[in-house]
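# Observations on chain architecture
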Amino acid sequence: MDESGVGFQDSVIVFDTTLRDGEQSPGAALTTKEKLEIAHVLEDMGVDVIEAGFPISSPGDFQSVQRISDEIRGCVICGLTRARDEDIDVAAAALKTAARPRIHTGLGVSDVHLKYKLRMSRDEALEIGVRSVRRARRYVDDVQYYVEDAGRADPEYLYRVLEAVIDAGATVVNIPDTTGYTFPTEWGALIAAIMNNVPNVDKATVAVHCHNDLGMATANTLVAVVNGARQVECTINGLGERAGNASLEEVVMSLKTRKDFFKVETHINTKLIYPASRMVSDLTGIFVQPNKAIVGRNAFAHSSGIHQDGVLKDRTTYEIIDPADIGVPESEIVLSARSGRHGLRHRLEELGYHIEDGQFDVIYQRFLEVADKKKTVGVRDLESIVAGESLVFFEETYELEKMQVMCGTAGIPTASVCLRGPDDRIVCEAAMGNGPVDAAYEAIDKIAQVPNELVEFSIQAITEGMDAMAKVTVRIRDATPNGNGDRRTVFMGRGSDTDTVVAAARAYLFALNRLLAARSDRSHRGDVTQEVKRSLEEMQAQLGSEQQSEFPGWGAPRQKE
Ligand code: KIV
Ligand code: ZN
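Residues numbered from 1 in each chain as written. Chains lettered and ligands numbered in written order. Predicted model: local features only at pLDDT ≥ 70, side-chain atom pairs only at ≥ 80, totals over all residues. Heavy atoms only, no water.

## Focus: the overall build of the chain
When you go through the chain residue by residue, the secondary structure sums to 18 helices and 16 strands. Relative to the compact-globule value of 24 Å for 561 residues, the chain shows a C-alpha radius of gyration of 25 Å, a close match. Its C-alpha atoms give the chain principal-axis dimensions of roughly 75 × 65 × 40 Å. Taking all 561 residues of the chain together, 55% fall into the buried category. For the chain, the share of sequence-separated contacts (at least 6 apart) that also reach a separation of at least 24 residues comes to 68%. Where the 62 positive side-chain charges of the chain centre and where its 85 negative ones centre are 2 Å apart. (Helix = DSSP H or I, 4+ residues; strand = E, 2+ residues; numbered from the N terminus. Rg over C-alpha atoms; globule rule 2.2 N^0.38 Å. Buried < 20%, exposed > 50% of the residue type's maximum accessible area, 1.4 Å probe, protein only. Contact = heavy atoms within 4.5 Å. Lys, Arg positive; Asp, Glu negative; His and termini not counted. Charge placed at Lys NZ, Arg CZ, Asp CG, Glu CD.)

## Structural notes on the site of ligand 1
As a matter of local geometry, ligand 1 sits amid R20, D21, L80, H104, Y146, E148, N174, P176, T178, H209 and H211. Contacts to ligand 1 include D21, whose side-chain N or O atom sits 3.1 Å from an oxygen atom. Alone, ligand 1 offers 260 Å² of accessible surface; in the complex the protein occludes 92% of this. Class assignment for the residues of the shell around ligand 1 results in three nonpolar, five polar and three charged. (Near = heavy atom within 4 Å. Polar contact = N/O pair within 3.5 Å; in protein donor to acceptor, adjacent residues only side chain to side chain. Areas by Shrake-Rupley, 256 points an atom, 1.4 Å probe, with all protein chains shown as cover. Nonpolar A, V, L, I, M, F, W, Y, C, P; charged D, E, K, R; others polar.)

## Quick word on the sheet that holds strand 13 (residues 426-432)
Either a parallel or an antiparallel arrangement is found when strands of a sheet pair, and the pairing is made through backbone hydrogen bonds. Strand order across the open sheet formed by three strands is 11-12-13, with antiparallel pairing between neighbours. Taken across any chain shown, the strands that pair with only one partner, and hence form the sheet edges, are strand 11 (399-406) and strand 13. Here the average twist between neighbouring strands, direction ignored, is 15°. Bridge count for strand 11 against strand 12 (residues 414-420) is seven bridges, and the pairing is antiparallel. Paired with Q404 across the bridge in strand 12 is S416. Of the strands in this sheet, strand 11, strand 12 and strand 13 touch helix 16 (residues 436-448), which is tilted by about 135° from strand 13. In this fold helix 17 (residues 500-524) packs onto strand 11 and strand 12, with an angle of close to 140° to the strand it touches most, strand 11. (Pairing = 2+ DSSP bridges. Axes fitted to C-alpha atoms, helices over the stretch in contact; angles between N-to-C directions.)

## Topic: the coordination of the zinc ion (ligand 2)
The zinc ion (ligand 2) binds to the protein through D21 (OD), H209 (NE2) and H211 (NE2); the donor distances cover 2.0 to 2.1 Å. Mapped onto the sequence, the residues coordinating the zinc ion (ligand 2) show the spacing D-x187-H-x1-H. Here D21, found in the loop between strand 2 (13-16) and helix 1 (32-45), pairs with H209, found in strand 8 (residues 205-210); they are 188 residues apart in sequence, far enough to count as distant. (Donors = N, O, S within 2.8 Å, 3.2 Å for Na, K, Ca; no water.)

## Remarks on unusual backbone geometry
Non-glycine residue K263 carries a positive phi angle of around 55°. Within the element layout of this structure, K263 appears in the loop between helix 10 (259-262) and strand 10 (264-265). Residue K263 is classed as partly exposed on the basis of its relative accessible area, which comes to 34%. Within the chain, D423 stands out as a residue other than glycine whose phi angle is a positive 60°. Here D423 lies in the loop between strand 12 and strand 13. Its relative accessible area of 75% is what places D423 among the exposed residues.

## A closer look at the packing of helix 2 (residues 59-71) against helix 18 (residues 528-543)
Remark: helix 2 packs on helix 18, axes separated minimally by 10 Å, with the N-to-C direction vectors making an angle of 55°. Viewed along their axes, helix 2 and helix 18 adopt a mutual orientation that is oblique. Between helix 2 and helix 18 the crossing geometry is left-handed. Of helix 18, the residues touching helix 2 (which contributes P59, F62, Q63 and Q66) are V528, E531 and V532. When the residues that make up the contact of helix 2 with helix 18 are grouped by side-chain class, the tally is four nonpolar, two polar and one charged. (Parallel < 35°, antiparallel > 145°, perpendicular 65-115°, else oblique. Left-handed = near helix turned anticlockwise from the far one by under 90°.)

## Comments concerning a nonpolar patch on the surface
Together, L454, F457 and I459 line one region of the surface with nonpolar side chains, adding up to about 250 Å² of accessible area. Structurally, I459 can be placed in strand 14 (residues 452-461). Classification of I459 by relative accessible area gives partly exposed; the value is 45%. (Patch = residues over 30% accessible without salt bridge, like charges linked within 9 Å, V, L, I, M, F, W, Y side chains within 5 Å. Salt bridge = Lys/Arg side-chain N within 4 Å of Asp/Glu carboxyl O.)

## Structural notes on the domain arrangement of the chain
Here the chain is partitioned into domain 1 (13-284), domain 2 (340-390) and domain 3 (399-522). Computed over C-alpha atoms only, the centres of domain 1 and domain 2 are separated by 38 Å. (Domains from an automatic or database assignment.)

## What about the nonpolar core?
I50, I77, V147, I175, W187 and I194 are the most contacted members of the largest nonpolar core, which totals 109 residues. With nine residues, helix 6 (residues 155-168) is the single largest residue contributor to this core. Filtering out sequence-adjacent residues up to four positions away, I50 remains in contact with D16, L19, A39, L42, E43, I72, C75, V76, I77 and C78. (Core = buried A, V, L, I, M, F, W, Y, C linked by side-chain atoms within 4.5 Å.)

## A few points about the environment of S496
Within the secondary structure, S496 sits in strand 16 (residues 490-497). S496 sits in the buried class, given a relative accessible area of 9%. Between the C-alpha atom of S496 and that of A301, which follows or precedes it by 195 residues, the distance is 24 Å. Each residue touching S496, except ones within four places of it in the same chain, is listed here: R366, S384, I462, M469, A470, K471, A503 and R506. Here S384 takes part through its side chain, which lies 2.8 Å from a polar atom of the side chain of S496.

## Quick look at the state of the cysteines
Summed over the entire model, instances satisfying the criterion amount to one disulfide. A sulfur-sulfur separation of 2.1 Å characterises the disulfide bridge that pairs C418 with C428. On the sign convention where negative means left-handed, the S-S torsion of about 110° between C418 and C428 marks this disulfide as right-handed. Here the residue C418 occupies a position in strand 12, and C428 occupies one in strand 13, the gap between them amounting to 10 residues. Looking at the unpaired C75, the closest cysteine sulfur is the one in C78, lying at 12 Å. C418 supplies the cysteine sulfur nearest to C407, a cysteine that is in no disulfide, at a spacing of 18 Å. (Disulfide = S-S within 2.5 Å.)

Next comes the structure, spelled out in structure tokens:
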């Protein structure tokens, strides 16, 4: 029974796949440390299952799943695999230290997937699926099976597959609408039909994984709950392949706001939704659209006079969610240069930031620089300052000491830039360009000498007004191949400042530093292939005689599914 007296029938498991499907969003690649930080926030938030990655896809993914398994003890940690022996074995190795490991394996079920992608018959696919579940069960007690593209499959075949994999030991069956093709009435009917036509369905949890190609992901996820699904798969900010996945904040807040209707609960501490959304947006460099439900900048803004009047009389006239419930900070309090260290620290604590002393000094200096140029420093400015200084989970090789640009309608844009680099040496260079940003980037390139290609550049004003801070996001592609089968070669950078060109220089340096840190990580990574091979041999020795899969390593060409 909840505080409003609504009786809950039961609870829904929240499965977060921000670190796997979410990270498949173009340009959203994260480092292992960044993934670990997000995983900690998901754990604090009360997410039940974290899908930490796809271990066989790259050494970076393998190590991320491994580190998250080591450190996050309060959630089930899940690793994705295809229905292949080597995928399953490598996932088991990555999940070895998890308190509650889960292997997520599966295969396509629609005719279009069977015919064109898998090139196998229905019976062959069913047999492989069953074998994969059995193999995964040798390693872990918790095995989730996905029936890819279920939204376009023949339901009779789907029931057969589900029954067979549950019989083989699947504890969760995941029904994905992989292409976001279905509409809520159809999808709800399909889930109801699964509940009625799969004889052993009561032996497994039914999960749904909905994509947003037609904007139906949240609606489909919720209608599935109405029809018996008890695990919802989602991502922070709705990140994910193409148009993304069902967004965690929309699904969870729908279940909470309309608990009178759904009569189920989740374990999510909704007050951490807004901080998690900001963190994921900052770390991936993917903005949240202003009108995005729940976490968009305008989600609680009322611009029409009639609405403002109503909200002032009583918030509930036009607001169905109290912004405080999702952790949106009170925005009216602003700071100025005179607020002092104590005032800043107090405000940051109110905003939910717990910052260590050393880092606070750096943030305070940045705050003073911004407050010198702007009369008032609001919540969004502070969020951006903190993100710029504290959400940095790598060693920074170069720091901006000072810079100056000349530009305008007369003359060639020229920039002089001084960077503090390795061994604390300060190096200065000047360059010309076709604009002030280009000139600044040329000067930085002369110092850092890291060949790369700028693939994206965008500017946003953080707040309104002429004195607003600018936030620049860039993406650069490393010109040097990374080898080792690791394909993550695009690096995001972000920077903010009241001066747009300085923000652009900071963003570029951030991306360069991230690129250099990734190179150094790779050179210190050791031979992950050998580590995996050793793990597989150990597991084999424990499990006995069954045949071990061949894992040739990431450098070797692998067969595509
Ligand atoms: O969309 C999908 O079908 C997936 C599966 C791997 C679960 O992401
Ligand atoms: Zn997906």
